[in-house]
Amino acid sequence: MSTDYSRSLRLAATSSDTNAGDLRALVEAATVVVTVDAAEPQSSVTAEVLLANLRRLPSRLYLAGAAGITTLPTDDLQRITQRLSEIDPDRALHHGMPGDDALHLHIGNRSDVGDIAAIADGHGVRLRRRGLAFPPHAGLATGLGAVVTAAALTGEAFKAIVPVAANRHRTVDELDFCPVTLEAPCAPAQVPSLDRVALIGGGAIGTAIALILRALNAAGDLIIVDPQTFDAPNVTTYSLGSCADAAAALAKVDLLARELPDIQVRGIQGTAHDLILAIDNNVVPMPRVVFGGVDSIDARHEIASLHAALTLDGSTGGDTGTRVGLAEATPTGPCLRCYYPAAPVTSNTVERQLAEKTGLPLARIAAGDLLTDDDLTDLDPQHRAALADHVGKPICGLGRALGLTGTDSEFAPSAAFVAQQAAALVVGAWIRRSGDPGLHLRDIEYDALFGPVSGMVQPRRARPGCRCQTDAALIARVRQVRQQ
Ligand SMILES: [Zn+2]
């Protein structure tokens, strides 16, 4: 099975004025070389994530040494080579320095070495274009810093490889950014242990959150919730997973559990609704913190119904799929319904198409689980005939079985380096708030092709009339029962 670049190229096409066919030729003709100063902290992890991100585009990729720079140990090179071959077994990682027309990315603090250089510092990144001096830094970095650095370098490379439209990006010459403080990197705050934390959504953002947790050596327990299996197009848009995983149609919860060997993972192959059932049946404890990585308003409303003490909801989207966001929500407000009041009536999700095509009520489709004979009794004969063969099968699989994939406007492809920035905001907020849970709640949004900007943070209050306000007493009682 050859690697499917359709989604990463589609994201690229939406950001550029070039048609998809020409774009593919341009991206395939581009050459990127990466040099790594192995003496810098987290340089090996940064290199692995950066090269894997670059491998998710069909460009030519080189890893080279440079004069006066410590090279990566052989073990690290083997690990990185292995990882890239899992994403695309047919495109080799070349070694050595290519011709002058290559884009040169350098992991290190010497801005005379590459076109763009960056290092992890604390939980964040310092990035400079050629000739711009790096400020002093602590020389101490975390895995979160490594992923943020790799994502930032990939973003700059993306703008160089893809002819991104002038009004859809900004060339970043200097970047000093920490996803915990949203300011310049500083001595890294301590990473809490995972205690009653749930990750809901194992997609582009969920795999990026897992990548960051692993890079941080995070330990403890984590509930992971996702209904789907890992598919071929996910290889080039997610931060974890291989072509072999796609061929095996591995459940995303199982993939994440495998990638987090140092964390006690409890997987639930379902949605937030199934997590609520598991809590109410005392199968899993009520999570205190939820990391949200889902991609629809309905799924966010399911998460809101959990009423966890803190929800950190990551998002990607916008016209070009390059906007990243974080919504910090609590049961007393703002809740996720305050942020996402309701699905627009014009939206045509798979669930809505499914309701139209089958006659099943939307609430029944949202609830999931298995289709029963009872579900068919109230349907008209034509709908009943269409569904008869699916009795006993999961309702969530019906959309795919009936060939429904959502409309184009609904489906916004994302890229791993974009989702990694949303995930960094989620994990950064978790670290920040664990040090001071009383901090005000924030709504953060910026475009990954512009980079973090001033004004990207808005304080948030509850929306008057939202359920978290009108049903406050009921929600408090539900929370009390679930926490017992
Ligand atoms: Zn609310």
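Quick caveat: nothing in here was measured; it's all calculated off a predicted structure.

Here is what the cut-offs are and how they apply
- Residues numbered from 1 in each chain as written.
- Predicted model: local features only at pLDDT ≥ 70, side-chain atom pairs only at ≥ 80, totals over all residues.
- Heavy atoms only, no water.
- Helix = DSSP H or I, 4+ residues; strand = E, 2+ residues; numbered from the N terminus.
- Rg over C-alpha atoms; globule rule 2.2 N^0.38 Å.
- Buried < 20%, exposed > 50% of the residue type's maximum accessible area, 1.4 Å probe, protein only.
- Contact = heavy atoms within 4.5 Å.
- Areas by Shrake-Rupley, 256 points an atom, 1.4 Å probe, with all protein chains shown as cover.
- Lys, Arg positive; Asp, Glu negative; His and termini not counted.
- Charge placed at Lys NZ, Arg CZ, Asp CG, Glu CD.
- Pairing = 2+ DSSP bridges.
- Axes fitted to C-alpha atoms, helices over the stretch in contact; angles between N-to-C directions.
- Parallel < 35°, antiparallel > 145°, perpendicular 65-115°, else oblique.
- Nonpolar A, V, L, I, M, F, W, Y, C, P; charged D, E, K, R; others polar.
- Polar contact = N/O pair within 3.5 Å; in protein donor to acceptor, adjacent residues only side chain to side chain.

(A) Quick peek at the overall build of the chain. Helix and strand counts for the chain stand at 19 helices and 15 strands. Compactness check: the chain gives a C-alpha radius of gyration of 23 Å against a globular reference of 23 Å for 484 residues, within 12% of the reference. If one aligns the C-alpha atoms of the chain with their principal axes, the spans along those axes are about 75 × 50 × 40 Å. Per-residue burial for the chain yields a buried fraction of 55% across its 484 residues. Considering only residue pairs separated by 6 or more positions, the chain has 70% of its internal contacts joining residues 24 or more positions apart. Approximately 20000 Å² of the chain is accessible, and the part contributed by carbon and sulfur atoms is 50%. Of the side-chain charges in the chain, 42 are positive and 54 negative, and the distance between the mean point of each set is 4 Å.

(B) Spotlight on the sheet that holds strand E7 (residues 174-177). Pairing is mixed across the open sheet formed by seven strands, whose spatial order is E3-E2-E1-E4-E5-E6-E7. Each having just a single partner strand, strand E3 (93-95) and E7 make up the two edges of the open sheet. Taken pair by pair, the neighbouring strands of this sheet meet at an average axis angle of 20°, ignoring direction. Summarising the sheet, strand E6 (residues 124-129) and E7 pair through four bridges and their orientation is antiparallel.

(C) Structural view of the packing of helix H1 (residues 6-15) against helix H2 (residues 20-29). Contact geometry of H1 with H2 gives a least axis separation of 10 Å together with a crossing angle of 110°. By the angle between their directions, the pair H1 and H2 is classed as roughly perpendicular. Taking contact as the criterion, the partners of Leu9, Ala12 and Ala13 in H1 are, on H2, Leu23, Arg24 and Val27. Looking at the contact of H1 with H2 residue by residue, the class counts come to five nonpolar, no polar and one charged.

(D) How the structure looks around the sheet that holds strand E8 (residues 194-200). The strand order E10-E9-E8-E11-E12-E13-E14-E15 describes an open sheet built from eight strands, whose pairing is mixed. Two strands lie at the open edges of the sheet, namely strand E10 (263-268) and strand E15 (457-459), each paired on one side alone. Between one strand and the next, the sheet's axes are offset by a mean angle of 15°, whatever the strand orientation. Two elements, E8 and strand E9 (residues 220-225), share five bridges in a ladder whose sense is parallel. Looking across to E9, one finds that Ala198 is bridged to Ile223.

(E) Expanded view of the side chain of Asp88. Secondary-structure assignment places Asp88 in the loop between helix H4 (74-87) and E3. On the basis of relative accessible area, Asp88 is assigned to the buried category, the value being 1%. Within the local environment of Asp88, its side chain forms a polar contact with the side chain of Tyr5, the two groups lying 2.7 Å apart. Of the polar contacts made by the side chain of Asp88, one reaches the backbone nitrogen of Asp90; its length is 2.8 Å. For Asp88, the contacting residues outside a window of four places in its chain are Thr3, Tyr5 and Arg55.

(F) Representation of the side chain of Thr149. Topologically, Thr149 is positioned in helix H5 (residues 143-161). Classification of Thr149 by relative accessible area gives buried; the value is 0%. With residues near it in sequence (within four places) discarded, Thr149 still touches Thr46, Ala118, Ile119, Ala120, Gly124 and Val125.

So far we have only geometry, and geometry alone does not tell us how the molecule works.
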